[in-house]
Amino acid sequence: MTPIGWLQIAVFFALVLALTRPLGAYLHRVYEGDRRPLPRVFAPLERALYRLIGVDPKQEQTWREYVVAMLLFSAFGLLVTYALLRLQHLLPLNPQKLGAVAPDLAFNTAASFTTNTNWQAYSGETTMSYLSQMAALAWHNFTSAAVGIGVALAVARGLTRRRSGSSTGEAIPRTLGNFWADLVRGILYVLLPASLLLTLVFVQQGMVQGFASYPEIATLEGLKQTLAFGPVASQEVIKELGTNGGGFFNANSAHPFENPTPLTNFLQLLLIFAIPAALTYTYGRMARDQKQGWALFGAMSALFLAGVVVTYAAEAGPNAAFHGLQVDQSSGNLEGKEARFGVAASALFAVVTTDASCGAVNAALDSFTPLGGLVPMVNIQLGELVFGGVGSGLYAILVYAILTVFIAGLMVGRTPEYLGKKIESKEMKLAMLYVLIYPLLVLGFSAWALVKPTAVASLTNGGPHGLSEVLYAFTSAAGNNGSAFAGLNANTPFYNVTTALAMLCGRFLMIVPILALAGSMVGKKVVPESLGTFPTNGWLFAALLVAVIVIVGALTFFPALSLGPIVEHFIARAGQVI
């Protein structure tokens, strides 16, 4: 570990903190403000889009109506993407004459990008045409991110809105906003402008952008080499800003055309955390108590910093597997890392991309040390709430905030309250349903894969590392992350279908109970604070929240982790061959 490495991490976190307030205030103005930014520019476009889809943005929806709209829109996107991938050989913008994508891979990819997972069981430069990359995959980068933000804001409205009556004494309808308005505003005011602006920055830094056929060049040895090319820069910003992570190239952000300089690497890291961090500030404004948002930000930050410290320490030290061999490890574990970035930036990228539900990588996680690979896996298994994905991180940590309040209430023998609203049995059942779905998907599919001969045949490593590869694959799929250990050949019918199902269930089966919980909370009366009220806007609540998150994750996944990366670490330290 070096002072420069720690300085990179410190500067990164300082900039994330600096961006949180202004961007969070901007998001609040976009979604909850009476007057949105740049009305002369965006307002006419917004009205035109509403007329086109036949929607009244002022007509709010109940949680059931919000769920139905979200599911129908997502299903439509999945079907369109599947069709485009299957028919790409007949469609334009395919200069490489690439064939149709296989049915199981097309289903997997359509499910992946619809759910904001962007798991890629293929090499983008040799599988997807330019049209497929843009009209199918990049389109989902915008829409799936906007859906996530919309759901998070709907949940926040359910928790923060105060129930009041009209002059006739009738209760105001229990609504959570309008899905179509949230979708349009997220794309129009947030994702699209940032993508257009920062694309120019990435092009200036040397990121490729074009539609020409792949050029063929002669190497110094006189051999011919084909260079993959394409509209990369225009997709790179939304790939990170929307915590999508799907790379244009198979090497993702380790590829020099997709991540050419240390500056682009640093900007990509900032883009991944920008919106998830800012949404905590937005939530504080919605709650009319900014400390509520900072408490969530503090809990997320503590988990993030702990992960960075462990990963950097593990990767900056020698790899125990090389003990006794004539290998110079004075610079740390450099296997699988891009020399342009080094250990510190690679470790930071791995932690950031798995804290957020972003599958982008600039190093091979399969080549990390056992403890270095353990942290990214645990980050996802905690529930993708350490800042998390755009939207999904906020609503995930809000579920754990409700669990924390419930546990605190049990400690003092008082009915738990959150933001003045009582947490009752219905809300706890919905919260626990949300928490239990994820481990059921991960452990269930992993167990199935480990006893199925055709699935085991896809492993390139045996022993605990092979277990880690399978466990990480379904952890990433069900957690809508999309990164992989990469030692697993996932492009088989079994893994394409099972990971697709894990992605769909991990996204939509978990959104339904959290929106139902928000729908239950929105109509509740606010109880005045008293001496027995547990404050949820201070460091004590943030610390208890971190403890609940870690304990639930440890109790759920620790047995499986003990058989994978943990035992691999001790075997390597003992100098044994795995």
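Only a predicted model underlies this, so the values are computations on that prediction, with no experimental measurement involved. (Residues numbered from 1 in each chain as written. Predicted model: local features only at pLDDT ≥ 70, side-chain atom pairs only at ≥ 80, totals over all residues. Heavy atoms only, no water.)

Draft legend 1. Seen up close, the overall build of the chain. Across its full length, the chain carries 18 helices and 4 strands. Relative to the 2.2 N^0.38 estimate, which gives 25 Å for 578 residues, the radius of gyration of the chain is 23 Å and therefore close to what a compact globule would have. Taken over the C-alpha atoms alone, the chain extends approximately 85 × 55 × 45 Å along its principal axes. In the chain, 78% of the contacts between residues at least 6 apart in sequence involve partners at least 24 apart. Accessible area of the chain: about 23,000 Å², with a carbon and sulfur share of 66%. Here the chain carries 34 positive and 29 negative side-chain charges, and the mean point of each set is 13 Å from the other. (Helix = DSSP H or I, 4+ residues; strand = E, 2+ residues; numbered from the N terminus. Rg over C-alpha atoms; globule rule 2.2 N^0.38 Å. Contact = heavy atoms within 4.5 Å. Areas by Shrake-Rupley, 256 points an atom, 1.4 Å probe, with all protein chains shown as cover. Lys, Arg positive; Asp, Glu negative; His and termini not counted. Charge placed at Lys NZ, Arg CZ, Asp CG, Glu CD.)

Draft legend 2. Expanded view of unusual backbone geometry. The backbone phi angle of Asn-116 is positive, close to 65°, even though this residue is not glycine. Its location among the elements puts Asn-116 in the loop between helix H4 (103–114) and helix H5 (124–127). Of note in this structure, Asn-480 is not a glycine but carries a positive phi near 55°. By the element assignment, Asn-480 lies in the loop between helix H16 (463–478) and helix H17 (493–522).

Draft legend 3. Structural view of the confidence of the model for the chain. Within the chain, residue pLDDT values average 90, and 97% of them lie at 70 or more. Segment residues 165–170 is flagged for pLDDT under 50; beyond a separation of four residues in sequence, or across chains, it makes 2 contacts in the model. (pLDDT = per-residue confidence, 0-100.)

Draft legend 4. Spatial organisation of a nonpolar patch on the surface. Judged by side-chain polarity, Ile-4, Leu-7, Val-11 and Leu-15 come together as a nonpolar surface patch covering roughly 340 Å² of accessible area. The topology assignment puts Val-11 in helix H1 (residues 3–32). (Patch = residues over 30% accessible without salt bridge, like charges linked within 9 Å, V, L, I, M, F, W, Y side chains within 5 Å. Salt bridge = Lys/Arg side-chain N within 4 Å of Asp/Glu carboxyl O.)

Draft legend 5. Region of interest: the packing of helix H12 (residues 370–381) against H16. Across the interface, H12 lies against H16 with an axial gap of 9 Å and an inter-helix angle of 35°. Handedness of the crossing formed by H12 with H16: left-handed. Residue-level contacts link Pro-376, Met-377, Ile-380 and Gln-381 of H12 to Ser-468, Leu-471, Tyr-472, Thr-475 and Ser-476 of H16. (Axes fitted to C-alpha atoms, helices over the stretch in contact; angles between N-to-C directions. Left-handed = near helix turned anticlockwise from the far one by under 90°.)

Draft legend 6. Region of the structure containing the nonpolar core. Core analysis: the largest hydrophobic core is formed by 170 residues, its most contacted members being Phe-12, Leu-159, Phe-304, Tyr-418 and Leu-515. The biggest single contributor to this core is H17, with 16 residues. In this structure, Tyr-418 is in contact with Leu-159, Tyr-283, Gln-292, Leu-398, Ala-401, Ile-402, Val-405, Ile-423, Met-521, Thr-536 and Phe-541, ignoring residues within four places of it in sequence. (Core = buried A, V, L, I, M, F, W, Y, C linked by side-chain atoms within 4.5 Å. Buried < 20%, exposed > 50% of the residue type's maximum accessible area, 1.4 Å probe, protein only.)

Draft legend 7. Structural view of the side chain of Ser-301. With respect to the secondary-structure elements, Ser-301 resides in helix H10 (residues 290–316). Overall, the relative accessible area of 6% leaves Ser-301 in the buried class. In contact with Ser-301, not counting residues within four places along its chain, are Phe-13 and Phe-387.

Draft legend 8. Main features of the environment of Leu-471. Within the secondary structure layout, Leu-471 lies in helix H16. Along the backbone, Leu-471 and Leu-450 are 21 residues apart, and their C-alpha atoms lie at a distance of 9.3 Å. Excluding residues that lie within four positions of it along the chain, Leu-471 makes contacts with Met-377, Gln-381, Val-442, Leu-443, Ser-446, Ala-560 and Leu-561.

Draft legend 9. Representation of H17 in the model. For H17, which comprises 30 residues, the first-to-last C-alpha distance of 43 Å matches the rise-based estimate of 44 Å (1.5 Å per residue) to within 8%. Of all the bends in H17, the greatest, near 25°, is centred on Cys-505. Along H17, 24 of the 30 residues are buried, which leaves the element largely enclosed by surrounding structure. (Expected span 1.5 Å × (residues − 1). Bend = angle between axes of the 7 residues up to and from the residue.)

Draft legend 10. The pattern of salt bridges, seen in detail. If you walk through the whole model with that rule in mind, you get 12 salt bridges. The shortest N-O distance in the salt bridge between Lys-239 and Glu-240 comes to 3.7 Å. This pair shows no difference in class: Lys-239 is buried, exactly as Glu-240 is. A salt bridge links Glu-338 to Arg-340; its shortest N-O distance comes to 3.2 Å. Given the relative accessible area of 22%, Glu-338 is considered partly exposed. On the basis of relative accessible area, Arg-340 is assigned to the partly exposed category, the value being 31%.

Draft legend 11. Quick peek at the packing of H1 against helix H7 (residues 179–204). The geometry of H1 relative to H7 is characterised by a closest axis approach of 10 Å and an angle of 135° between their N-to-C directions. On the basis of the axis angle, H1 is oblique to H7. For the crossing formed where H1 meets H7, the hand is right-handed. The residues of H7 that touch H1, namely those facing Tyr-26, Leu-27, Val-30 and Tyr-31, are Asp-182, Arg-185, Gly-186, Tyr-189 and Val-190. Split into classes, the residues belonging to the contact of H1 with H7 amount to 6 nonpolar, 1 polar and 2 charged. (Parallel < 35°, antiparallel > 145°, perpendicular 65-115°, else oblique. Nonpolar A, V, L, I, M, F, W, Y, C, P; charged D, E, K, R; others polar.)

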